[in-house]
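What follows is each chain in one-letter form.
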Amino acid sequence: MARKKIALIGAGNIGGTLAHLAALKGLGDIVLFDVVEGVPQGKALDLSQCGPVEGFDARITGSNDYADIAGADVIIVTAGVARKPGMSRDDLLGINLKVMKAVGEGIAANAPDAFVICITNPLDAMVWALREFSGLPHTKVVGMAGVLDSARFSHFLAEEFQVSVKDVNSFVLGGHGDTMVPVLEYSTVSGIPVSDLIAMGFSTRERIDAIVQRTRSGGGEIVGLLKTGSAFYAPATSAIAMAESYLYDKKRVLPAAAHLTGQYGVDDLYVGVPIIIGKDGVEKIIEISLTDEAKTNLAVSVDAVKELLVACKAIDGSLA
Ligand SMILES: NC(=O)C1=CN([C@@H]2O[C@H](COP(=O)(O)OP(=O)(O)OC[C@H]3O[C@@H](n4cnc5c(N)ncnc54)[C@H](O)[C@@H]3O)[C@@H](O)[C@H]2O)C=CC1
Ligand SMILES: O=C([O-])CC(=O)C(=O)O
């Protein structure tokens, strides 16, 4: 069987980490694309030289030419700019929207059959715009945020309960901003609801509320520490989990930004919800029942995403 082809648009911090993980996991041959000359080529050469040590045969190349992504099975987009301390993700909208236009056109012309995972921020608006610019089916374009936000939530919960992170399952829905919605009702430790763990004395409601808040500002916490950019190891790991579910038709149930057409009362917007990812891309959007509080919080988050789309349409008339 021919090897799969993974194209990574953006060869920065996340792009390089994605390439490393994809090679280590043997997902396929890898093309790193970037507008900066030398960077994708240099990273590809460096990563290729891991091969003899790790024993992987993946062909890793760097390119500044979209023609080289032709035939890609999976494309992961991190092209653009990351925030620095003092900025919000939304401050990146103007500059990254232009990048999404170039990337969308490059994908449409060279790899229209790919499954595309967008990571670039502000995520929910950028994945929507990327889909518009590329014209690919909505089921083949998704945004990565929920897997990362849920991983952060699970990490904090595992630390709090002092249990293995493997047994913690949590869901974060909504837009990938400060209004994201960690859903306590669907967060469990080996099936035991968080509310039961609180009742058993593992934690208190106040401490869990603080964890919810820390999860919401989890990206900003890392930006504040790094000072020169934002998180990249966990974001790359999260996108690779989504790519694997598509490539191996795993049908994993993952929270991700998907195009909603009435689900959760939302129409023509990308927002983080649980979806099933398999060989056809987004195979199902799962509509879980929410408490009134979660519904209200989700509505606030959806409104924040809507505002970003208004801004996108004002900047680029072709999106209106
Ligand atoms: N969705 C999520 O959960 C997360 C999103 N992000 C976002 O991911 C994006 C990438 O983050 P990093 O890799 O850390 O940034 P980075 O700055 O290390 O890498 C971005 C790369 O994009 C390249 N680039 C810029 N314009 C381009 C274009 N037109 N075509 C191709 N490449 C282009 C740059 O040359 C650079 O190499 C940022 O927007 C960041 O905010 C970061 C973490 C999590
Ligand atoms: O916070 C940022 O700017 C990057 C990001 O989206 C995250 O790490 O969640």
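Rules of the game
Residues numbered from 1 in each chain as written. Chains lettered and ligands numbered in written order. Predicted model: local features only at pLDDT ≥ 70, side-chain atom pairs only at ≥ 80, totals over all residues. Heavy atoms only, no water. Near = heavy atom within 4 Å. Polar contact = N/O pair within 3.5 Å; in protein donor to acceptor, adjacent residues only side chain to side chain. Areas by Shrake-Rupley, 256 points an atom, 1.4 Å probe, with all protein chains shown as cover. Nonpolar A, V, L, I, M, F, W, Y, C, P; charged D, E, K, R; others polar. Domains from an automatic or database assignment. Contact = heavy atoms within 4.5 Å. Buried area = accessible area lost by both parts, 1.4 Å probe. Salt bridge = Lys/Arg side-chain N within 4 Å of Asp/Glu carboxyl O. Helix = DSSP H or I, 4+ residues; strand = E, 2+ residues; numbered from the N terminus. UniProt positions renumbered as here; feature names shortened; annotations may be inferred. Buried < 20%, exposed > 50% of the residue type's maximum accessible area, 1.4 Å probe, protein only.

## Notes on the site of ligand 1
Close contacts around ligand 1 come from 28 residues, with Asn13, Asp34, Val81, Ile119 and Met144 the closest. In this structure, Val81 approaches ligand 1 through a main-chain N or O atom, which is 2.7 Å from an oxygen atom. Across the complex, the protein chains shield 87% of the 860 Å² of accessible surface that ligand 1 would expose by itself. Split into classes, the residues belonging to the shell around ligand 1 amount to 17 nonpolar, 10 polar and one charged. Two domains share the shell around ligand 1, each providing at least three of its residues, namely domain 1 (5–144) and domain 2 (146–313).

## As for the domain arrangement of the chain
What the domain assignment reports for the chain is domain 1 (5–144) and domain 2 (146–313). Each of domain 1 and domain 2 was reduced to a C-alpha centroid, and the two centroids are 22 Å apart. Between domain 1 and domain 2, the contact holds 41 residues from the first and 49 residues from the second. The junction of domain 1 with domain 2 conceals about 3,600 Å² of combined surface from both sides, 72% of it contributed by carbon and sulfur atoms. When the buried area of domain 1 at its contact with domain 2 is split by residue, Asp124, Trp128 and Met144 rank highest and sum to 21% of it. Viewed at the interface, domain 2 and domain 1 are joined by one salt bridge. One salt bridge in this structure joins Lys25 and Glu244, with 3.5 Å as the shortest N-O distance. Counting every contact that joins domain 1 to domain 2 gives five residue pairs in polar contact (both at pLDDT 80 or more). Counting only elements with at least two residues in the side of domain 1 that touches domain 2, the list comes to helix H1 (13–24), strand E4 (74–77), helix H4 (93–110), strand E5 (115–118), helix H5 (123–134) and strand E6 (141–143). The leading source of residues in the side of domain 1 that touches domain 2 is H5, at seven residues. Of the residues assigned to the side of domain 1 that touches domain 2, the class counts are 24 nonpolar, seven polar and 10 charged.

## Brief notes about the UniProt feature "active site" (unreviewed entry) in the chain
Here the UniProt-annotated "active site" (unreviewed entry) positions come out as His176. Mapped onto the fold, His176 is located in the loop between strand E7 (168–173) and strand E8 (181–189).

## Digging into the environment of Ala114
The residue Ala114 is located in the loop between H4 and E5 in this model. What makes Ala114 buried here is its relative accessible area of 0%. Sequence separation of Ala114 and Ala7 is 107 residues, and the distance between their C-alpha atoms is 9.3 Å. Once residues lying within four places of it in the same chain are set aside, the contact partners of Ala114 are Ala72, Asp73, Ile75, Leu136 and Lys140.

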